[in-house]
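Here are the chains, one letter per residue:
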Amino acid sequence: MLELAILGFLAEAPLPGHKLRRHVSQLTGYTRPVSDGSLYPAINRLTKAGLIERRADPAAGSARYVLSLTAAGRAEMLQRLRKPADHEITDFTRFYIVLAFLSRLPDVAEQRAVLRRRLEFLEEPASFFYDNERPLRAEEIADPYRRGMLLTARATSRAERTWLRETLGEEPPAFDTACADSDPDPHAPAAPAS
């Protein structure tokens, strides 16, 4: 996640380390703060791998430097965007890093393939809580905080799936056009049969 964010921001423009840190923190910091202890080792790994270059910035002082993306770094970034790992599709924050730079892929078909993978994941039944193997719905949870988690996740999932379908030019499936009382969200599985 961190390395893709670094490569993505440097694909936009060369940046001094402190500005890169600010950009990465603004993108991920609300959920996963970025510390110097993780950012600068990642920069060093990418530099050693030949994916980014570090050059002194004499205008900013002797201790300052500017980071830029190499051709190998651009190729690596594009490959990571083309074929994100499964956890980059299923994890909300990691997917948002992919999404932040997805427009860097020049092939719209490749962009759409990534979005379809995310949509397919979101359409699978899921929950934070289970009865044996059966995902529980918010309506089946007595604890108000757990219920709140499920209701919030349902609303977020519904909004994201709507956006993904619109972006992909796809019609919503029949279950998404049902009334709100029937809870058509696949992340909130149907109530047990009576």
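Remember, predicted model here, so these are calculated numbers, not experimental data.

A. Structural context of helix H2 (residues 17-28). Helix length check: H2 (12 residues) gives 16 Å between terminal C-alpha atoms against 16 Å at 1.5 Å per residue, within 8%. Every buried residue of H2 is accounted for by Gly17, Leu20, Val24 and Thr28. Along H2, the residues classed as buried sweep out an arc of 60° about the axis, all on the same side. Elements in contact with the buried residues of H2: helix H1 (2-12), strand E1 (15-16), helix H3 (36-48), strand E3 (65-69) and helix H6 (92-101).

B. View of the confidence of the model for the chain. Averaged over every residue, the pLDDT of the chain is 86; the share at 70 or more is 85%. For residues 177-184, every residue scores under 50 in pLDDT, and the model assigns this stretch 12 contacts once sequence neighbours within four places are set aside. This model gives residues 186-194 a pLDDT under 50, and the stretch forms 27 contacts once residues within four places in sequence are excluded.

C. Representation of H3 in the model. An ideal rise of 1.5 Å per residue puts 18 Å on 13 residues; H3 measures up with 18 Å between its terminal C-alpha atoms. When we look at burial in H3, the residues that qualify are Leu39, Ala42, Ile43 and Leu46. Looking down the long axis of H3, one finds its buried residues gathered within 100° of arc, a one-sided arrangement. Of the exposed residues in H3, those oriented more than 90 degrees away from the buried face are Gly37 and Lys48. Gly50 sits one or two positions beyond H3 and adopts a positive phi of about 80°.

D. Structural context of the sheet that holds strand E2 (residues 52-56). The 3 strands are arranged E1-E3-E2 in an open sheet whose pairing can be described as antiparallel. Looking at strand neighbours, the two that pair on one side only are E1 and E2, the edges of this open sheet. Across 2 bridges, the pairing between E1 and E3 is antiparallel. Bridge pairing in E3 places Pro16 opposite Val66. The sheet contacts of H3 involve E2 and E3, and relative to E2 the element is tilted by about 105°.

E. Expanded view of the pattern of salt bridges. This model, assessed by the stated rule, comprises 14 salt bridges. With a shortest N-O distance of 3.9 Å, Arg104 and Glu12 are connected by a salt bridge. One end of the pair, Arg104, is in the loop between H6 and helix H7 (108-122); the other, Glu12, is in helix H1, with 92 residues separating them in the sequence. The class of Glu12 is partly exposed, set by a relative accessible area of 45%. Through salt bridges with shared partners, a single ionic network connects Glu3, Arg45, Glu76 and Arg80.

F. Examining the nonpolar core more closely. Grouped together as the largest cluster of nonpolar side chains are 37 residues, with contacts concentrated most on Ile6, Leu10, Leu20 and Ile52. The set of elements that each furnish at least two residues to this core consists of H1, H2, H3, E3, helix H4 (71-82), H6, H7 and helix H8 (144-168). Apart from the residues lying within four places of it in its own chain, the contact partners of Ile52 are Leu7, Leu10, Ile43, Leu46, Thr47, Leu67, Ser68, Leu69 and Thr70. The next biggest cluster of nonpolar side chains, apart from the first, holds 5 residues, and it includes Phe129, Leu136, Ala138 and Leu150.

G. Structural detail: the environment of His87. When you line up the elements, His87 lands in helix H5 (residues 86-90). You can call His87 partly exposed: its relative accessible area is 41%. Residues His87 and Met1 lie 86 residues apart in sequence; the distance between their C-alpha atoms is 9.9 Å.

H. Focus on the packing of aromatic side chains. Within the structure shown, the criterion is met by 3 aromatic pairs. Between Phe92 and Tyr96 the ring centres are 4.4 Å apart and the planes differ by 35°, which places this aromatic pair in the tilted class. You can see Phe92 and its partner Tyr96 sitting in helix H6, 4 residues apart, about one turn around the helix. Taking the relative accessible area as the measure of exposure, Phe92 reaches 32% and is therefore partly exposed. For Tyr96, a relative accessible area of 33% translates into the label partly exposed. Note that Arg54 overlies the ring of Tyr65, its terminal NZ or CZ placed 4.7 Å from the centroid.

The rules we used
The residue numbers shown here count from 1 along each chain, following its written sequence. Local features are withheld for residues below a pLDDT of 70 in this predicted model, meaning they are given only at 70 or higher, and side-chain atom pairs are given and counted only at 80 or more; totals for whole chains, interfaces and linings count all residues. In computing side-chain properties, one takes all heavy atoms of the structure into account and sets aside hydrogens as well as water. Each helix is a run of H or I in the DSSP string that is no shorter than four residues. Each strand is a run of E no shorter than two, and both are numbered from the N terminus. In this scheme, a helix's expected span is set at 1.5 Å multiplied by one less than its residue total. With a 1.4 Å probe rolled over the protein chains alone, any residue whose accessible area is under 20% of its type maximum counts as buried; one over 50% counts as exposed, and the rest are partly exposed. Directions from the helix axis toward the C-beta atoms define the arc. Any pair of residues with heavy atoms lying within 4.5 Å of one another is described as a contacting pair. Summary of the metric used: pLDDT quantifies the predictor's per-residue confidence within the range 0 to 100. Strands are treated as partners if at least two bridges between them are detected by DSSP. Lines fitted to C-alpha atoms define the axes here, with helix axes fitted over just the stretch in contact, and angles between the N-to-C directions of these axes take values from 0 to 180 degrees. Between Lys or Arg on one side and Asp or Glu on the other, a salt bridge is scored when a side-chain nitrogen of the former is within 4 Å of a carboxyl oxygen of the latter. For the purposes of this section, nonpolar cores are sets of buried Ala, Val, Leu, Ile, Met, Phe, Trp, Tyr and Cys residues that join through side-chain atoms within 4.5 Å. Side-chain rings of Phe, Tyr and Trp (the six-membered ring for Trp) are treated as a pair once their centres are within 6.5 Å; stacked means planes under 30 degrees apart, edge-to-face means over 60, and tilted covers the remaining angles. Working rule: Lys NZ or Arg CZ, within 6 Å of ring centre, within 35 degrees of ring normal, means a charge sits over the ring.

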